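Inside the fold
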Amino acid sequence: METLLKVEDLRVWFPARVSFIESLRGKKRYVKAVDGVSFEVKRGSVVCLVGESGSGKTTTARAILRLVEPTGGKVIYEGKNILEIPKKELRKWRKEAQIIFQDPYESLDPRMTVYDTLSEPLRVNKLIGSEEEERELVSKVLEDVRLVPPEEFMGRFPHELSGGQRQRVAIARALILNPKFIVADEPVSMLDASIRTQILNLMMDLRDMYGLTYLYITHDLAQARYMGSDIVVMYLGKAVEVGSVEEVIREPMHPYTKVLISHVPVPDPKVAATRKKIEIKGEPPSPIDLPPGCRFGPRCPFAKEICFKEEPELRWVNGRMVACHLV
Ligand code: SF4
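Attention here is on the structure that accompanies the text.

With respect to helix H5 (residues 114–124)
Regarding H5, the residues found buried are Val114, Tyr115, Thr117, Leu118, Ser119, Pro121 and Leu122. Buried-residue contacts for H5 involve helix H6 (131–144), helix H7 (150–154) and helix H8 (163–175). A positive backbone phi angle near 50° is found at Lys126, which sits one or two residues after H5.

Things to note about the site of the ligand
Not every one of the 13 residues close to the ligand is listed here, only the nearest: Cys294, Cys300, Cys307, Cys324 and His325. Its residues assigned to classes, the shell around the ligand shows ten nonpolar, three polar and no charged.

Describing the side chain of Arg320
Turning to its location among the elements, Arg320 is positioned in strand E12 (residues 320–322). The class for Arg320 is buried, based on a relative accessible area of 5%. In this structure the side chain of Arg320 is engaged in a polar contact, spanning 2.7 Å, whose partner is the side chain of Glu241. Leave out the neighbours within four places in its chain, and Arg320 touches Glu241, Val242, Gly243, Glu247, Val248, Glu251, Pro252, Met253 and Arg315.

A few points about the pattern of salt bridges
Under the defined criterion, the tally for this structure stands at 25 salt bridges. The salt bridge partner of Glu2 is Arg43, with a shortest N-O separation of 3.0 Å. Of this pair, Glu2 sits in the segment before strand E1 (3–16) while Arg43 sits in the loop between strand E2 (29–42) and strand E3 (46–50), and the two are 41 residues apart along the sequence. Look at Arg43 and you get partly exposed, because its relative accessible area is 31%. Arg225 is the partner of Glu246 in a salt bridge, and the nearest nitrogen-oxygen pair spans 3.6 Å.

Some points on the packing of H8 against helix H9 (residues 193–210)
Between H8 and H9, the least distance of the axes is 11 Å, while the angle of their chain directions is 15°. Looking at the two axes, H8 sits roughly parallel to H9. Crossing of H8 against H9: the hand is right-handed. Packed against H8, whose contacting residues are Gly164, Arg168, Ile171 and Leu175, the element H9 presents Ile195, Gln198, Ile199, Leu202, Met203, Leu206 and Tyr210 at the interface.

Thoughts on the packing of H5 against H6
Put simply, H5 and H6 touch, their axes get as near as 10 Å, and they point 120° apart. The angle between the axes of H5 and H6 places the two elements in the oblique class. Regarding H5 and H6, the two cross each other, and that crossing is right-handed. Of the residues in H6, those in contact with Val114, Tyr115, Leu118, Ser119, Leu122 and Arg123 of H5 are Glu131, Glu134, Arg135, Leu137, Val138, Val141 and Leu142. Split by residue class, the contact of H5 with H6 holds eight nonpolar, one polar and four charged.

Some details on the pairing of strand E7 (residues 181–185)
Burial of E7 is extensive: five of the five residues sit out of reach of the surface. Neither face of E7 is open: one carries Phe181, Val183 and Asp185, the other Ile182 and Ala184, and all of them are buried. Two strands pair when backbone bridges link them, and strand E6 (residues 97–100) and E7 are joined in this way by four bridges, in the parallel orientation. Note that in E7 the partner of Gln98 across the bridge is Ile182. Bridging between E7 and strand E8 (residues 213–218) involves five bridges; their strand directions are parallel. Bridge assignment links Ala184 to a residue of E8, and that residue is Tyr216. Crossover handedness for the path E7 to H9 to E8: right-handed.

Rules used throughout
Residues numbered from 1 in each chain as written. Predicted model: local features only at pLDDT ≥ 70, side-chain atom pairs only at ≥ 80, totals over all residues. Heavy atoms only, no water. Buried < 20%, exposed > 50% of the residue type's maximum accessible area, 1.4 Å probe, protein only. Helix = DSSP H or I, 4+ residues; strand = E, 2+ residues; numbered from the N terminus. Contact = heavy atoms within 4.5 Å. Near = heavy atom within 4 Å. Nonpolar A, V, L, I, M, F, W, Y, C, P; charged D, E, K, R; others polar. Polar contact = N/O pair within 3.5 Å; in protein donor to acceptor, adjacent residues only side chain to side chain. Salt bridge = Lys/Arg side-chain N within 4 Å of Asp/Glu carboxyl O. Axes fitted to C-alpha atoms, helices over the stretch in contact; angles between N-to-C directions. Parallel < 35°, antiparallel > 145°, perpendicular 65-115°, else oblique. Left-handed = near helix turned anticlockwise from the far one by under 90°. Pairing = 2+ DSSP bridges. Right-handed = clockwise from strand over helix to strand, strands pointing away.

This is a description of form; function is not addressed.
Okay, structure coming up:
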């Protein structure tokens, strides 16, 4: 498969407060939310960014879309570095790359009907010739997200929809500009378990219908396995393991991935009885005061002396990329 998007050494650092004395000494501090993340997204694939909260997965995705300004690195899309393109071209990128947020209730304007929500991006981008054309496009996208008959939903406000219907409208809004690349930021985590699978299946059908590529953010490895072709496991602003979902979940190499996988519930009690949970202590260190060496070191059950001295680089090991001294 051809590469659609390449992320190279992406960094997003936010300035942090310093004490009065430190400011006199000219000291600066940063929250290193994303600190040198690299991975590729193949056209038509679903790349899952996984990790616990604070790992930097959402900031990585937002930096790719330039919803936050990165501190450094590259995002190469169709031969161009998105982080360097002028504002005029940024508008084109924002049409081709859309986002579906976690909470549709917050991401939809409560004062706008479904019709206005969906037609607004068409008007802003001057993509329609006539009212009939606009209505046809809105109608089609509502059918595509299975809100049928479309006429029944066009005049409704967000509070007149169920959670699942609201997320279908949010997906329709992402689709209306006919994008190529979609960031889905925990798109089913606010929904009832009973409708999660329906929305995930819908997203996979839409990928085929629209020729989409997804960057799918989740903390749930079961969802990553269901949706993903590739996985990027993140810990404290770094990618620690990158590879095919099947291989990484079947045989994790990085200790942090092993910990995450050992905690995934197994439905079969016989398999569950043989699965040993790997416990880790404490919370992740502060992204302002990172420990020397491996940033997973203070919690890693396998840490050795070298881990507290040198930071491991992400490198190729048996067809995937891993950042660990012991692999
Ligand atoms: Fe654990 Fe050391 Fe590997 Fe870090 S480098 S994950 S501390 S074994």
